[in-house]
Amino acid sequence: MTAPVSTSPAVSFLPALGAQSGSADVPALRTATSLVVLAQSTYRSLTGLPAGGGDRANPVVRDLLSAATTELGDARDALSSATTGAGGRPQTAPDPVYSSVVAQALPTVRSPADVVGVALTLEDVLAQTLVADAAGLSTPALRATALRLGAAAASRKASLLIVSSLLSSAQSDLVVAPPDLTALPAAVGTVGFPDTRFPTSKASPPEEGSG
């Protein structure tokens, strides 16, 4: 379920670019990969829960998790290839900071809204990290990769924000695919895009997950 494209405000994913030295590329790419690794493994864990993929799951939320798991696998491959190309070793471990956040959150997941909350946390930090990375990576190709993957994470975040808004307002009956556009509240077209310039204040620092 996604917001109607025509009603979404324009969001800038283009921070002022100031390329860093090539030696700083590898830590940034490895940290971004660590967030992808964590998100993918978390989505698989969520799918194994009653509220994520079982008898209490919302079909739209379940499908979002499934699609995101595949997309994150592609992102992991792209970042690993970029890391190797930059002279580094691909990251295989999950981000240590957000791993603890997930570990605390998973036992508390009881509803589709809880599932969406966990997913939103991870997609938000992943998107912000990749967009922040794009401002500093040393080559146009690396910056393009970071922006492409950051935009994908931001798109997943937007879908999750829309679903979250409906679930939190007791309108879970509207979280269906395809959606009933005539029944959706007017704000649904913008709730997934709250920012005109994409924020990066929550971006993980390059050294966070590059160990």
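Bear in mind that the values here come from a model prediction, so they are computed numbers and not experimental data.

Criteria and thresholds
Residues numbered from 1 in each chain as written. Predicted model: local features only at pLDDT ≥ 70, side-chain atom pairs only at ≥ 80, totals over all residues. Heavy atoms only, no water. Helix = DSSP H or I, 4+ residues; strand = E, 2+ residues; numbered from the N terminus. Buried < 20%, exposed > 50% of the residue type's maximum accessible area, 1.4 Å probe, protein only. Contact = heavy atoms within 4.5 Å. Salt bridge = Lys/Arg side-chain N within 4 Å of Asp/Glu carboxyl O. Expected span 1.5 Å × (residues − 1). Polar contact = N/O pair within 3.5 Å; in protein donor to acceptor, adjacent residues only side chain to side chain. Core = buried A, V, L, I, M, F, W, Y, C linked by side-chain atoms within 4.5 Å. pLDDT = per-residue confidence, 0-100. Axes fitted to C-alpha atoms, helices over the stretch in contact; angles between N-to-C directions. Parallel < 35°, antiparallel > 145°, perpendicular 65-115°, else oblique. Left-handed = near helix turned anticlockwise from the far one by under 90°. Nonpolar A, V, L, I, M, F, W, Y, C, P; charged D, E, K, R; others polar.

1. Describing the side chain of Asp 124
Argument step 1. Structurally, Asp 124 can be placed in helix 4 (residues 112-134).
Argument step 2. Of the residues examined, Asp 124 reaches a relative accessible area of 11% and is grouped as buried.
Argument step 3. Contacts of Asp 124, omitting those with residues within four sequence positions, involve Lys 157 and Lys 202.

2. Looking at the pattern of salt bridges
Argument step 1. A full pass over the atoms with the stated rule returns four salt bridges.
Argument step 2. With its nearest N and O atoms 2.7 Å apart, the salt bridge here joins Glu 71 to Arg 156. Remark: Arg 156 occurs in helix 5 (residues 140-168) and Glu 71 occurs in helix 2 (residues 59-85); sequence separation between them is 85 residues.
Argument step 3. Owing to a relative accessible area of 37%, Glu 71 belongs among the partly exposed residues under this scheme.
Argument step 4. A salt bridge links Arg 156 to Glu 123, with the nearest nitrogen and oxygen atoms 2.7 Å apart. Here the residue Arg 156 occupies a position in helix 5, and Glu 123 occupies one in helix 4, the gap between them amounting to 33 residues.

3. Digging into the environment of Gly 209
Argument step 1. Within the element layout of this structure, Gly 209 appears in the segment after helix 6 (188-191).
Argument step 2. Overall, the relative accessible area of 4% leaves Gly 209 in the buried class.
Argument step 3. Once the C-alpha coordinates of Gly 209 and Thr 33 are considered, the two residues, 176 residues apart in sequence, prove to be 8.1 Å apart.
Argument step 4. Residues within four places of Gly 209 in sequence aside, it is in contact with Arg 30, Thr 31, Ser 34, Gln 91, Asp 95 and Pro 96.

4. A short note on helix 2
Argument step 1. For helix 2, with 27 residues, the first-to-last C-alpha span of 39 Å sits near the 39 Å given by 1.5 Å per residue.
Argument step 2. A distance of 2.8 Å separates the backbone nitrogen of Val 60 from a side-chain oxygen at the start of helix 2, and that oxygen is part of Asn 58.
Argument step 3. Downstream of helix 2 by one or two residues, Gly 87 has phi in the positive range, about 95°.

5. Digging into the nonpolar core
Argument step 1. Formed by 45 residues in total, the largest nonpolar core has its most connected members in Tyr 43, Leu 46, Leu 79, Val 115, Val 116 and Leu 126.
Argument step 2. No other element matches the 12 residues that helix 4 contributes to this core.
Argument step 3. Ignoring anything within four residues of it in the chain, the contact list for Val 116 reads Val 61, Leu 160, Val 163, Ser 164 and Leu 167.

6. Topic: the confidence of the model for the chain
Argument step 1. Looking at the chain, the pLDDT average stands at 84 and 75% of residues meet or exceed 70.
Argument step 2. Per-residue pLDDT stays below 50 along residues 2-10; that stretch engages in 15 contacts with residues further than four places along the chain or on separate chains.

7. Thoughts on the side chain of Ser 34
Argument step 1. Relative to the assigned elements, Ser 34 resides in helix 1 (residues 25-47).
Argument step 2. With relative accessibility at 0%, the residue Ser 34 sits in the buried group.
Argument step 3. Aside from chain neighbours lying at most four places away, what touches Ser 34 is Gln 91, Ala 93, Pro 94, Asp 95 and Gly 209.

8. Digging into the packing of helix 2 against helix 4
Geometry of a packed helix pair, given as the angle between the helix axes and the separation of the axes.
Argument step 1. Across the interface, helix 2 lies against helix 4 with an axial gap of 12 Å and an inter-helix angle of 25°. For the element pair helix 2 / helix 4, the angle class is roughly parallel. As helix 2 runs across helix 4, the sense of the crossing is left-handed. The residues of helix 4 that touch helix 2, namely those facing Val 61, Leu 65, Ala 68, Leu 72 and Leu 79, are Pro 112, Val 115, Val 116, Glu 123, Leu 126 and Leu 130.

9. Side note on the packing of helix 3 (residues 96-105) against helix 4
Argument step 1. The contact between helix 3 and helix 4 brings their axes to 11 Å, and the two run at 170°. With respect to helix 4, the element helix 3 is oriented roughly antiparallel. Contact with helix 3, carried on its side by Tyr 98, Val 102 and Ala 105, involves Val 118, Thr 121, Leu 122 and Val 125 of helix 4 and no other residues of that element.
Argument step 2. Of the residues contributing to the contact of helix 3 with helix 4, the split by class is six nonpolar, one polar and no charged.

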